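Spelled out, the chains give:
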2 protein chains.
Amino acid sequence: MGIFQRFARLPLKSTYIWSLCPQYSTDLTTVDSALIVRSSQLIQHRCVHSRVMGASPGNTGAAPPRLPFSRVTQEDLAFFRALLPGRTITDPDLLKSSNVDWLKTVEGNSEVLLRPKTTEEVSQILRHCNERNLAVCPQGGNTGLVGGSVPVFDEIILSTSLMSQVITFDNISGILTCQAGCVLENLSNYLEERGFIMPLDLGAKGSCHIGGNVSTNAGGLRLLRYGSLRGTVLGLEVVLADGRILNCLATLRKDNTGYDLKQLFIGSEGTLGVITAVSILCPHKPKAVNVAFLGCSSFQQLLETFQRCRGMLGEILSAFEFLDASCMSLLEKHLKLTNPITESPFYIVIETAGSNATHDEEKLHKFLEEVMTSSLVTDGTVATEATKIKALWSLRERVTEALTHEGYTYKYDISLPVEKIYDLVQDMRGHLGDMAKNVVGYGHVGDGNLHLNITSPSKDPALLAAIEPYVYEWTSEWKGSISAEHGLGFNSRPVRPCTYFSPLRCFWRGNGSPTGFSGENYP
Amino acid sequence: MGIFQRFARLPLKSTYIWSLCPQYSTDLTTVDSALIVRSSQLIQHRCVHSRVMGASPGNTGAAPPRLPFSRVTQEDLAFFRALLPGRTITDPDLLKSSNVDWLKTVEGNSEVLLRPKTTEEVSQILRHCNERNLAVCPQGGNTGLVGGSVPVFDEIILSTSLMSQVITFDNISGILTCQAGCVLENLSNYLEERGFIMPLDLGAKGSCHIGGNVSTNAGGLRLLRYGSLRGTVLGLEVVLADGRILNCLATLRKDNTGYDLKQLFIGSEGTLGVITAVSILCPHKPKAVNVAFLGCSSFQQLLETFQRCRGMLGEILSAFEFLDASCMSLLEKHLKLTNPITESPFYIVIETAGSNATHDEEKLHKFLEEVMTSSLVTDGTVATEATKIKALWSLRERVTEALTHEGYTYKYDISLPVEKIYDLVQDMRGHLGDMAKNVVGYGHVGDGNLHLNITSPSKDPALLAAIEPYVYEWTSEWKGSISAEHGLGFNSRPVRPCTYFSPLRCFWRGNGSPTGFSGENYP
């Protein structure tokens, strides 16, 4: 049983168990020559184990206990205050928002929030914590949905919020280098003034940090067009658990000298190190953007519309998103948004982005004419003006927010072959019957990524038992993934409601869990 | 000194030395719980050390000796023949082409060529070799330029040439899954019949294998449009050195469950395992393709043309390549190709690929009108018909072939900020004066990737000494990379002429070297 096998596709009934670091171990000295593993284990001791310190009230036997990390002493605080004068926060009121996640479903008990401004400060913090055996929880914009961005127990919160400087931008190559705490929307604005855009966009853009986006390998709304961060991130600077600084901050589009180590840190949710700076390839700002909001009477017609759309819009298609009628009801009910078209079972948001407004409009109109004539689409509206574009996008982007007003939400972020994504919603509805208040589906059609959300007036263990493992078995049967873009976070079943824990995929999370920068991305 | 530091950007005068595995060690048992390192070390013992067995004639003291691997015995051959009846080649005449690289500059002395058809066979071969302490050199299409695809001494050659089956293709998602030995051009043809294309294309497409492309992280002609393999490769199946099969053969566009382990195998040139199958996201076949071949009177004008091109062609630009007048002379002299336009100091190949022929032609003609009117471009021709497109492309694709007729060629594959790429060629010309027969430059402008080639009637140590470390210092000064897309291979200076060894970037190759699938890609 080894780390490699953790990633192999296992049969449904597999009983493999792999624990990242089942107990605090002093074996580290035996692998002194293998620093890659050593660093990884150290980080796990700091960050992963930090997530499993001390049982929360209500934990079942499956919840891990707090491991024997040190407690923060007056001497530690003196060290932090000397290093970060005015940026070592211990006031409980000021700490509150950093201890609670965006969904307000999980809460930690950290008593110290550190706000470094430089990589060197991060390095010194981690070196001190490593030597003192203090647990650390790195935190970006704290917008995650899987409980990965807040402490579980009393870990020190290391926030990147003051690491918000653009380091360089090259307007010939479009390569941006910036600190990890830059807010995505601020970067977008910075770039747009210079004729470029970020290669990713997501609902949380106003709060999420680029370091968190990279740590969680955020997908979002532009993946269809510009691809994943694994292709667009060109370089990273990372601080390892013992304070060493790993500088992979290349700004070259191509570099094949040796292993591409930075890939290990993309999507590993802070378990292997704290990202402190990012260099990323940014596309030119499109000269023309159009958004169409369309209604479909069946998911089959929606899929057929997607196929036609790819053929006819081709290289200018930049997003193809969907929401169902239940999502629309929640938007209307809780956020007072207005449905701009006739009521339909399904709604599509299509975005085009191109270099020639006339050509783009011509392509879009030809496509719309075809899908309307062939009755694939029942009604629709098109926006070319920024305010109206934003209003149409908000119908897709604010579904997550609308759901927070519905009581309790069980959230699932599933990758599936695109033709199967809505079958899961329908099967789940049939399976749950009256148990659930709402079963809604929305997400990224172009990426085969469904956000399945099941609401209930409050936490409901019986409902959860009906959802899981059903949702995992269903996903496994169709060779899907139970985390398309949200990451794994910490939400293991008995402790946390919105869970990605599964014996099918994430069996290795038996009693340890990655943590850290997780979950910058509410979708 | 650790593996992490190998990838850090070091100051020019750094004296750090890191050897991947300086000697055969039994320390492995001390890291039993850290299988990621263990596997990596095992592979290095098999594959990396296989590359440094026994000193070649003419080696200087810096060349590594053959390490104490076993010799192939009759019992080994009996095992291989039972496993691979008719596919265990020992005839020296049949082995010759597998022992010599495409450039015919390096030659190994392998006495056994194995041609497995299945992953299970690869697994059994590696398990046997691991147990018997036999060195192995995996080989794809053997089109590499850096000496990575042929044995150095008497390693067993493990060829993927019979692993050439398409496993699945999903024409909704465009996701192809195939064996590692599929020839790139065959995959392209297979996909084009189904309305799709491969996301990469390169001059060696008629011979190179997709497994080799992925192992070397090949760049090629479409990177500008479709991005790197790190974004488009969705899954890999890999056999580790001890025969274990790692199945990461996902076919999902998004999957954030755990570390993305497959990234370790992309671009690691076979040092961590043998890739046996690949799943890859393929774009739709564009409905319209145009190629323009243009002349520029200075590199500054070429760069200005590139900037205008990106702005005006935008999303339909799929390649922007260049060659200089010296390249054109070689094409005319050795391959009898005809320059279709007026003689110029620089030539550009621009390709557009889009979904609407009328729109694309309109964009292209508007662009051409502007660059001709503003005298950025002095002459040009455009092709829309397949045969003519192919003829224009061959002027760029066959430069490497033309160079092979020039005597001896010192080849460098440099990544630089795009505005600097031709300065290196000019500075090198000035630096070498009459020592070199030819100093030519060509490459991928869109990716900041220069292929610098210096020719000489025959091997010339004095010329080499004038080129290196000059080229590395120059590249380092401008924060470039000495291997943009070719990989590192085995060409360390005293042994091999076309070298990427450098104390500046590749200091870790002191006496060990990656090997394997390297170098599928002549550019």
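Computed from a predicted model, the values in this text were never measured in an experiment.

Here is what the cut-offs are and how they apply
- Residues numbered from 1 in each chain as written.
- Chains lettered and ligands numbered in written order.
- Predicted model: local features only at pLDDT ≥ 70, side-chain atom pairs only at ≥ 80, totals over all residues.
- Heavy atoms only, no water.
- Phe/Tyr/Trp six-rings, centres within 6.5 Å; stacked < 30°, edge-to-face > 60°.
- Helix = DSSP H or I, 4+ residues; strand = E, 2+ residues; numbered from the N terminus.
- Buried < 20%, exposed > 50% of the residue type's maximum accessible area, 1.4 Å probe, protein only.
- Pairing = 2+ DSSP bridges.
- Axes fitted to C-alpha atoms, helices over the stretch in contact; angles between N-to-C directions.
- Domains from an automatic or database assignment.
- Contact = heavy atoms within 4.5 Å.
- Buried area = accessible area lost by both parts, 1.4 Å probe.
- Salt bridge = Lys/Arg side-chain N within 4 Å of Asp/Glu carboxyl O.
- Polar contact = N/O pair within 3.5 Å; in protein donor to acceptor, adjacent residues only side chain to side chain.
- Nonpolar A, V, L, I, M, F, W, Y, C, P; charged D, E, K, R; others polar.

**Comments concerning the packing of aromatic side chains**
Under the defined criterion, the tally for this structure stands at 26 aromatic pairs over all chains. The interplanar angle of 85° and the centroid separation of 4.7 Å between the aromatic rings of A:Phe346 and A:Tyr422 together place this pair among those described as edge-to-face. In this pair, A:Phe346 sits in strand β12 (residues 346-354) while A:Tyr422 sits in helix α14 (residues 421-432), placing the two residues 76 residues apart along the sequence. Its relative accessible area of 6% is what places A:Phe346 among the buried residues. Assessed through its relative accessible area of 2%, A:Tyr422 is described here as buried. Aromatic side chains B:Trp474 and B:Trp478 sit 6.3 Å apart centroid to centroid with 45° between the ring planes, which places their arrangement in the tilted category.

**Let's talk about the sheet that holds strand β5 (residues 166-170) of chain A**
Residues and elements named next belong to chain A. Read across the sheet, five strands follow the order β5-β6-β9-β7-β8 without closing on themselves; strand pairing throughout is antiparallel. The outermost strands of the open sheet, each flanked by one partner alone, are β5 and β8 (245-248). For this sheet, the mean inter-axis angle between neighbouring strands, taken without regard to orientation, is 10°. Examined bridge by bridge, strand β6 (residues 175-179) and strand β9 (residues 274-281) share five bridges and lie antiparallel to one another.

**Regarding the domain arrangement of chain A**
Residues and elements named next belong to chain A. The domain architecture assigned to chain A consists of domain 1 (2-159), domain 2 (166-281), domain 3 (288-398) and domain 4 (406-486). For domain 2 versus domain 3, the separation of C-alpha centres amounts to 29 Å. Taken together, the contact pairs eight residues of domain 2 with eleven residues of domain 3. Summing both sides of the interface, domain 2 and domain 3 together bury roughly 720 Å²; the carbon and sulfur share of this comes to 53%. For domain 2, the biggest contributors to the area lost against domain 3 are Leu221, Leu224 and Arg225; these three give 80% of the whole. There are one salt bridge connecting domain 2 and domain 3. Of the charged contacts in the structure, one is a salt bridge between Lys205 and Glu397, with a shortest N-O distance of 3.1 Å. Remark: the boundary between domain 2 and domain 3 carries four residue pairs in polar contact (both at pLDDT 80 or more). Of the residues belonging to the side of domain 2 that touches domain 3, the class tally is three nonpolar, one polar and four charged.

**What to know about the side chain of A:Asp201**
Residue and element names in this part refer to chain A. Along the chain, the position of Asp201 falls in the loop between α5 (184-192) and α6 (210-215). Owing to a relative accessible area of 12%, Asp201 belongs among the buried residues under this scheme. Polar contacts involving the side chain of Asp201 include one to the side chain of Lys205, which spans 3.1 Å. The contacts of Asp201, once residues within four sequence positions are left out, are Leu184, Gly220, Leu221, Arg222 and Glu397.

**Considering the sheet that holds strand β16 (residues 449-456) of chain B**
All names here are of chain B. In space, the seven strands of this open sheet follow the order β13-β10-β12-β11-β15-β16-β14, with antiparallel pairing throughout. Whereas interior strands pair on both sides, the edge strands pair on one side only; in this sheet they are β13 (379-383) and β14 (408-415). When the angles between neighbouring strand axes are averaged without regard to direction, this sheet yields 15°. Against the sheet, helix α11 (residues 357-373) contacts β10 (288-296), β12 (346-354) and β13, and its axis sits at roughly 10° relative to β10.

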